[in-house]
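Working through the structure, step by step
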Amino acid sequence: MSAQANAPTQPEQQPPCEDVKQAEESKPEEPQPQEQQPDTAAEAAAPAQEEEAAAAQPEKTYKSLVLSAHGGYDKVKLHTKKGSPTPKAGEVLVRVKACGLNFADLMARQGVYDRLPSLPVSLGMECAGIVEELGEGVTDRQVGDKVMVLNRFGLWQELISIQTNHTFLMPDGMSFEEGAAFLVNYITAYMILFHFGNLRPNQSVLIHMAAGGVGTAAVQLCKTVENITIFGTASASKHESLKESGVSHPIDYRSNDYVEEVRKVSPKGVDIVMDPLGGTDTCKAFNLLKPMGKLVIYGAANLLTGQKKNLMALAKSWWNQFNVTAMQLINANKAVCGFHLGHLDDELELITGVVVTLLDLYKQGKIKPKIDTMFSFEQVGDAMRQMQEKKNVGKVILIPDMPKEEGEKDAKGEAKKDAKEETKKEAKGESKKETKEEAKKDAKEDAKKDAKKEEN
């Protein structure tokens, strides 16, 4: 209402008709009530209500494992990031359910891996999860798709935005843990054995670290070819598992010379050696090859001698590095190859072709990732220790959002496993001790009997 409408009432006067008419004409029109006023008020109040509701909701966050400095297990820490990544054109937003741990991640932590940007950085080369959002122009993925992801780094996070050509649809029946254990290990093993090694029936293969992720994948892939003799190095406690998986001749590298053990069975050597060790082991591998044999070097695990970078181990590895000339190769009729999946990240067509082949083998039931242990993001230090100390049989997995009970269950299970192994070792030691004591006792009795015979 106008100010005039609320003014005090004046005494009544009877003006002349003309004045009355002019007064009526000059009197301002009273505004008519607008029918939409209540709606306008509601609309005005709506943004305020939305702001209040938004303020009441917790701010979006997501977990990320970040390497802030090179060194021990404690250098990879759990961070909580605000907001949510936004997928750009050609990208998808993936909610990560499981991540794979690889030797490259351990080397990156120590500062001996060359495929990372400057620190701080999130590690992780592979993961599996669900597509939550599509970037502009994405037509080959849908919200809700279960995907495996491959990248040089940055996948140890609860949410990631990634180009669609770095994602692969998971087949029916595959768990997120299997998806996170699939790409790096199986692509590596397949390309070494079949692209470089040209594996054929009736051949022999030496697989170092045969109980690890790549080793397990390689054993399964060897079993897809007829009559392959598999030699696998691993600690004695893992031999039973290796035999069950198809390793013909498990070798305890800690107590035996694996070169001698191989030659006992195959005097001429083997057709393919998969070498993730480096240093003097590469020289041994080359000498173990048969004529027309292939050595494929794909790592330098001998550098990892402790939590932190070991300068002595680096120097020793450099001093003992394998060297061969072209003429030596010609005369030996052998091949030496090098494989590094991290340097093939631009060869997407090649990688995609390999993944298609591997997924077909998975669907046929011929290959299946073996999961060793699952750790929560909060337990990343324990996960890295498990792998670096070579306690795993199969793949070590990190879970961003693992229920606390599950994490504790896995940790207890691992403790029981270690205790069981210690008990076995102790029992074995006691058994040996008892055997020795019995032998001494028998020897004494035999000596007494001989003495009596002499007297008679």
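Please read these numbers as outputs of a predicted model, since none were measured by experiment.

Asp281, Thr282, Ala285, Phe286 and Leu288 are the residues of helix α9 (residues 280–288) that are buried. The buried side chains of α9 occupy one side of the element, clustering within an arc of 160 degrees when seen end-on. If you follow the buried residues of α9, they end up packed against β9 (204–207), α8 (258–265), β12 (270–275), β13 (289–297), α11 (326–332) and β14 (335–338).

Take the nonpolar core next. Core analysis: the biggest nonpolar cluster contains 98 residues, and Trp156, Phe182, Ile187, Ile207, Ile351, Leu358 and Leu398 have the highest contact counts within it. Counting residues per element, this core draws most heavily on helix α5 (residues 183–196), which supplies 9 residues. Counting 14 residues, the second largest nonpolar core, distinct from the first, contains Tyr258, Val273, Leu295 and Phe322.

If you add up the space inside the largest pocket, you get close to 1,000 Å³. Those elements that provide at least two residues to the lining of the largest pocket are α3 (103–110), α5, α6 (213–222) and α9. Looking at the lining of the largest pocket residue by residue, the classes come out as 25 nonpolar, 17 polar and 7 charged. Two domains each provide a minimum of three residues to the lining of the largest pocket, namely domain 1 (61–180) and domain 2 (183–368).

What follows is about the environment of Tyr362. Within the fold, Tyr362 resides in helix α12 (residues 348–363). Separated by 180 residues in the primary sequence, Tyr362 and Phe182 place their C-alpha atoms 9.8 Å from one another. Filtering out sequence-adjacent residues up to four positions away, Tyr362 remains in contact with Pro171, Gly173, Met174, Glu178, Phe182, Ile367, Lys368 and Pro369.

Rules of the game
Residues numbered from 1 in each chain as written. Predicted model: local features only at pLDDT ≥ 70, side-chain atom pairs only at ≥ 80, totals over all residues. Heavy atoms only, no water. Buried < 20%, exposed > 50% of the residue type's maximum accessible area, 1.4 Å probe, protein only. Helix = DSSP H or I, 4+ residues; strand = E, 2+ residues; numbered from the N terminus. Arc of directions from axis to C-beta. Contact = heavy atoms within 4.5 Å. Core = buried A, V, L, I, M, F, W, Y, C linked by side-chain atoms within 4.5 Å. 1 Å grid on protein atoms, 1.4 Å probe; cavity = no way out; pocket = protein on both sides within 12 Å on 5 of 7 lines; lining within 4 Å. Points joined across faces, edges and corners; volume = space filled by probe spheres on them. Nonpolar A, V, L, I, M, F, W, Y, C, P; charged D, E, K, R; others polar. Domains from an automatic or database assignment.

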